[in-house]
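What follows is the residue order along each chain.
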Amino acid sequence: MMQNVKTVFLDIDDTLWWFTENSKEAFAHVYNQHGLDRLCSYERFHKVYIEKNRELWEAYHHGKIGKAYLNSERFRYTLEHCGYQGDALELGNKLNAHYLNYLVTLPRVLPGAKELLEYLKAKGYDVNTLSNGFAHFQPRKLVSGGLDGYIHRNILSDDCGITKPLPGIFDYALATCGASRETTVMIGDDPDADIAGAHNAGWRTIYFNWKQQPVAPGAADATVTHLLEVERLL
């Protein structure tokens, strides 16, 4: 049991709102709507995109690229790599916009997400989100998932220009919410951005390790594989 916790921050994507599943649906929708089967198989197109997107997000997390480059490059690269002969940047931007606008309408949340938020709110915790996602989309995901009513504040990297795991965003979150690092805990699924980042900023951490990924030694104060396990800790 974690003592003296007053403020809880949760990541959004793949911690509360089920990005992995929602993204699969949105990606297939875009692939089909734009007739990309004429270019290559869905499996190939998706595989190239996923690998490039992961690489770009890792660079974005660490402040090496901006969101505009991330958004334009992931589909541009995929189209070009899969043999598209036209203007890959122009079509890539169209695909990206279509994908994001459809994605945020999808409702799937992680098992136990709503129940955990109800529990935390009933216990009197100040419940907030802390995300590297984009300001135009992250709150809409919570609305689509029916989770927005449980969240006090959404703290986003767009708000301060600093991304997790860099310490500045964690300091910004504390200042914005009037919280203290000694009474704050971070819950998230990303071992680097969420857990190592929060730990290095002096926060306590609960690692939601449903993807079974290793975390830096000592960075996680507790580990769970289902969100409802958090209730025994808080």
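Owing to the predicted nature of the structure, the values given are computational and were not obtained by experimental measurement.

**A look at the overall build of the chain**
Here comes step 1: Looking only at helices and strands, the chain features nine helices and six strands.
Here comes step 2: At 18 Å, the chain has a C-alpha radius of gyration in line with the 17 Å of a compact globule built from 234 residues.
Here comes step 3: Out of the 234 residues in the chain, the part that is buried amounts to 51%.
Here comes step 4: The long-range fraction of contacts in the chain, counting pairs at least 24 apart against all pairs at least 6 apart in sequence, stands at 64%.
Here comes step 5: If you sum the accessible surface of the chain, you get close to 10400 Å²; carbon and sulfur atoms cover 51% of it.
Here comes step 6: Charged side chains of the chain number 24 positive and 29 negative; the gap between the two group centres comes to 1 Å.

**Here's the deal with helix α5 (residues 113-122)**
Here comes step 1: The set of residues buried in α5 consists of Ala113, Leu116, Leu117, Tyr119 and Leu120. Considered in projection along α5, the buried side chains sweep an arc of 160° and stay on one side of the axis.
Here comes step 2: For α5, the secondary structure elements touched by its buried residues are β1 (7-10) and β2 (126-131).
Here comes step 3: Downstream of α5 by one or two residues, Gly124 has phi in the positive range, about 90°.

**A closer look at helix α3 (residues 67-81)**
Here comes step 1: Between its first and last C-alpha atoms α3 spans 21 Å; for 15 residues at 1.5 Å apiece the expected length is 21 Å, and the two agree.
Here comes step 2: Where α3 bends most, at Glu73, the angle is about 30°.
Here comes step 3: Looking at α3, one finds that the buried residues are Leu70, Asn71, Ser72, Glu73, Arg74, Phe75, Arg76, Thr78 and Leu79.
Here comes step 4: On its buried side, α3 packs onto α1 (19-33), α2 (42-61) and α4 (88-103).
Here comes step 5: Count one or two residues on from α3 and you reach Gly83, which has phi positive near 100°.

**Thoughts on the pairing of β1**
Here comes step 1: Of the two faces of β1, both are covered, the one formed by Thr7 and Phe9 as well as the one formed by Val8 and Leu10.
Here comes step 2: Sheet topology note: the β1/strand β4 (residues 184-188) ladder contains four bridges and is parallel. Counterpart to Thr7 in the pairing with β4 is Thr184.

**Some thoughts on the packing of aromatic side chains**
Here comes step 1: Applying the stated rule across the entire model yields 17 aromatic pairs.
Here comes step 2: Here the aromatic rings of Phe27 and Tyr42 are separated by 6.1 Å at their centres, their planes lie at 70°, and the arrangement is edge-to-face. Taken together, the positions of Phe27 in helix α1 and Tyr42 in helix α2 put the pair 15 residues apart, joining distant regions of the chain.
Here comes step 3: Ring centres of Tyr49 and Phe75 lie 4.7 Å apart, and the angle between their planes is 35°; on these two criteria the pair is classed as tilted. Linking Tyr49 in helix α2 with Phe75 in helix α3, this pair joins segments that are 26 residues apart in sequence. Exposure class is identical for Tyr49 and Phe75. Each is buried.
Here comes step 4: Put simply, the rings of Phe27, Tyr31, Tyr42, Phe45, Tyr49, Phe75 and Tyr99 touch in pairs and so form one group of aromatic residues.
Here comes step 5: In this structure, Lys52 is placed above the aromatic ring of Tyr77, and the distance from its NZ or CZ to the ring centre is 4.5 Å.

The rules behind these values
- Residues numbered from 1 in each chain as written.
- Predicted model: local features only at pLDDT ≥ 70, side-chain atom pairs only at ≥ 80, totals over all residues.
- Heavy atoms only, no water.
- Helix = DSSP H or I, 4+ residues; strand = E, 2+ residues; numbered from the N terminus.
- Rg over C-alpha atoms; globule rule 2.2 N^0.38 Å.
- Buried < 20%, exposed > 50% of the residue type's maximum accessible area, 1.4 Å probe, protein only.
- Contact = heavy atoms within 4.5 Å.
- Areas by Shrake-Rupley, 256 points an atom, 1.4 Å probe, with all protein chains shown as cover.
- Lys, Arg positive; Asp, Glu negative; His and termini not counted.
- Charge placed at Lys NZ, Arg CZ, Asp CG, Glu CD.
- Arc of directions from axis to C-beta.
- Expected span 1.5 Å × (residues − 1).
- Bend = angle between axes of the 7 residues up to and from the residue.
- Pairing = 2+ DSSP bridges.
- Phe/Tyr/Trp six-rings, centres within 6.5 Å; stacked < 30°, edge-to-face > 60°.
- Lys NZ or Arg CZ within 6 Å of the ring centre and 35° of its normal.

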